[in-house]
Amino acid sequence: MKPLVVDQVVKQYGDKTAVNGISLEVDRGEIYGLLGANGAGKTTTMRMVLGLIFPDEGKILYDGKPYSKEQLRRIGYLPEERGLYPKVKVSDQLVYLARLKGMSAADADRSLKQWLERFGVPEYYGKRVEELSKGNQQKIQFIATIIHQPQLLILDEAFSGLDPVNVELLKATVKELRDNGSTILFSTHRMEHVEELCRQITILRYGNEVLGGSLKEIKGRFPREKVRLAADGDIDGLERLPGVLGVKALEQGGWEIRIADEASGRGILRHAMAQAEVSRFEILEPTLNEIFIKTVGETHE
Amino acid sequence: MNDFLNVTGFTFRNKTRGKAFIVTTIILVAILSLVINLPYIISLFKGEGGSSAKQVGYASVQAEAAESRVTPTLVGGWLEEYFASQPEEARSLAMVPIDASGDAAADEAALKAAIADGRIDGYIQLQPNADTGFYDAVYKSEKMMDGSSAEELRAGLQLVKANAAGLTPEQKQLLYSPVDVKSVQINAGTGEEDGRSATQQGINMGLVYAILFLLFMSIMATGQIIASEVTTEKSSRIMEVLITSVSPLNSMFGKIFGMFLVGLLQIAIYVLAVFVNVSLPTNKGALGDMNIHLSEVSPDLLIVALLFYLTGYFLYATLYAAVGSLVSRTEDLGQAVMPLTFLSLGGFYLGMFNLAAPDSMLVKITSFIPFFSPYVMVLRSGVGSVEYWEIGLSLLIMLVSIYVFGWLSAKIYRTGVLLYGKRPSFKELRKAMKAYKI
């Protein structure tokens, strides 16, 4: 029984369809990526999973059971736009939020101290939120989301506004939660995070699922159309080879060549080896970024 | 229930620890203490022995004394005699003759000089009135709006006019001696002899005034705070986290109840401050002199006030919370709560303007209309006459409205907290409710 199953949910606001028949299944210990341009229906989908709004059609099951009050306690939610009480002490409001999730005050306090220690900011315990920098508020918000050890985590733009060091810190924490068996629904605009973390993804456009499934499989579906080439000498005539669509010389040396199909790659390699010593030759698989722009962007224009 | 108590506790702790709460409470306690101690403080400055009666000068022309007709000097003398005959504690004016020559301009200059010297507080001038055959008086003083002195002088002149007919000393004494008129309020419907005495009426009047004011302030202030709390939670998006943890009903009523406890604590502090100040030995005398005795306060009024404070608070608070949930930014809040403020203000004015006419039909009807009844019922039971069943019925109507509006507010709240952007119209709200399946 999967911890989270979203089955053909539809949500309409008036005559506008915000979400149109989306399905996804998330396993224990899995991070599921929910991608889409702004206004594609990510937040609506997440709100339906959170039980804030109810789907018009379809159903959402948690461990095979429909939504109930008890589910609330098992969910941790990090909203896209962060919110904490600015004038309340970190300890007060996090303990309050944890208690609303059913933790005892003592447990919540202990857990909070551990997390602050872990994030290297134990001195924030007695500070008011408005005294902290934006990035540090974000850390506190993240702790608020996970303090009660939720089994189902919903992270909306979890790493926005953080410096690279802190992104790594939180990413490591998310991975750890995943490895400990949490089920995580994850939304972001940063494709490299998705590639690093997610096993499966769904790409939404205008409320419709345009792409879904395992990341590996999706990438396999897209042709490899790019070659990275580096050599210790100059190579000319690349543009004239059959199947080559474009050549771009890179700042740091070497070339990036767009090709029509994977087979054209061999011709390029042969051509290059005839002229110089090749130090690097790679037929690149498409990045998620490219796939995203292709599926969402192209038809968009 | 646990969540409800949690929200209540959090709200209460944060508000009572806040600077705003502590500062306003201290300031109000200071003001209350000052007001209560004012009579005593004023009495300290009056200086002992000196009569508190106002000194009013009149031009006394030696030459006129001999004339047989009724001269201004003669009338002034009569007045002096009349005020002097009044019992000391009731005397508010004393006439002071100022030597004058009979020349109008010079006399006035002399009277003005007397004011400047501090010998008199004001003076009276008499001008013959051909129609009545007597004098018209002008009272001149440096004070603005000194109506009470003019009224005293008018009453005095009215009396002493009889001297023109020539009176024996006995007749004069009879004429000048004060007559005691008492006003007792009765309840004609029940025929009971539980009428309120004048001092009781005065106390009740003052108390109703104070309660209406307190009720209005408390409903307005706490309502505004509740609404702005909800809006802040919404605009800071903490609402999205909260609402996944606790049901909207619990979060709304938890907040309302928490604020209610804050308000109650504040009122308790004020009442305690009043009580302590009134019980000070120095104030007992000063207030007693003004005929204010706490024992005269009728407990019925206090109980009715408390009941209607409770119900009124919850009725308004739920609506304030609902309005707060519809607004996304704190800047827009003032405009959004305006209708509620006017509603509350309407009830307050109904109470205030009908203090003198507590048995009019308007008052009777509005005392059963939910948003006005907290104010108007306090008025009726304080200074008007009201039956127990009427209070009961009005309370019942209040409770039903709290239930209805609480339910409605909870629905609006549940929808409103997820609607961001511009304030939704009623139509949009209904549509959203349908969409959210609430």
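Residues numbered from 1 in each chain as written. Chains lettered and ligands numbered in written order. Predicted model: local features only at pLDDT ≥ 70, side-chain atom pairs only at ≥ 80, totals over all residues.

An unreviewed UniProt entry annotates chain A as ABC transporter, ATP-binding protein of Paenibacillus pasadenensis. Reading the Sequence similarities (unreviewed entry) entry of the UniProt record for chain A gives the comment "Belongs to the ABC transporter superfamily." (UniProt positions renumbered as here; feature names shortened; annotations may be inferred.)

Caption draft 1: Representation of the overall build of chain B in the model. The helix and strand inventory of chain B stands at 17 helices and four strands. Looking at chain B alone, contacts between residues at least 24 apart form 74% of all its contacts between residues at least 6 apart. (Helix = DSSP H or I, 4+ residues; strand = E, 2+ residues; numbered from the N terminus. Contact = placed C-beta atoms within 7 Å.)

Caption draft 2: Up close: the UniProt feature "domain: ABC transporter" (unreviewed entry) in chain A. Residues given the UniProt feature "domain: ABC transporter" (unreviewed entry) here are residues 4-231 of chain A. Helix and strand shares over residues 4-231 of chain A are 36% and 29% respectively, and the end C-alpha atoms of the span are 50 Å apart.

Caption draft 3: Up close: the sheet that holds strand E12 (residues 255-259) of chain A. Residues and elements named next belong to chain A. Spatial ordering of the open sheet is given by E11-E12-E10-E13, a layout of four strands whose pairing is antiparallel. One side of each edge strand has no neighbouring strand; the edge strands of this open sheet are strand E11 (244-249) and strand E13 (278-284). Between one strand axis and the next, the sheet turns by 15° as a mean value, whatever way the strands run. Two strands pair when backbone bridges link them, and E11 and E12 are joined in this way by five bridges, in the antiparallel orientation. Bridged to Val 247 within E12 is Ile 257. Together, strand E10 (226-231), E11, E12 and E13 form the strand contacts of helix H9 (residues 264-275), whose direction differs from that of E10 by roughly 10°. (Pairing = 2+ DSSP bridges. Axes fitted to C-alpha atoms, helices over the stretch in contact; angles between N-to-C directions.)

Caption draft 4: Representation of the nonpolar core within the structure. Counting residues in each nonpolar core, the largest one holds 128 residues, and the members touching the most others are Ile 154, Leu 185 and Phe 186 of chain A together with Tyr 320, Ala 321 and Val 378 of chain B. Ranked by residues supplied to this core, first place goes to helix H12 (residues 299-326) of chain B with 15 residues. Once residues lying within four places of it in the same chain are set aside, the contact partners of Phe 186 of chain A are Ile 31, Tyr 32, Gly 33, Leu 34, Leu 155, Ala 158, Leu 197 and Cys 198 of chain A. With 19 residues, the next largest nonpolar core counts Tyr 58, Trp 78, Leu 79 and Leu 111 of chain B among its residues. (Core = buried A, V, L, I, M, F, W, Y, C linked by C-beta atoms within 7 Å. Buried ≥ 20, exposed ≤ 12 C-beta atoms within 10 Å, placed from the backbone.)

Caption draft 5: Main features of the sheet that holds strand E4 (residues 57-62) of chain A. Residues and elements named next belong to chain A. Taken in spatial order, the three strands of this open sheet run E2-E1-E4, and their pairing is antiparallel. The outermost strands of the open sheet, each flanked by one partner alone, are strand E2 (16-26) and E4. Taking each pair of neighbouring strands and ignoring which way they run, the sheet shows an average axis angle of 20°. Where strand E1 (residues 4-13) lies against E4, five bridges are found, and the strand directions are antiparallel. Bridge pairing in E4 places Val 6 opposite Ile 60.

Caption draft 6: Spatial organisation of the domain arrangement of chain B. By domain assignment, chain B separates into domain 1 (54-176) and domain 2 (198-436). Distance from the C-alpha centre of domain 1 of chain B to the C-alpha centre of domain 2 of chain B: 53 Å. (Domains from an automatic or database assignment.)

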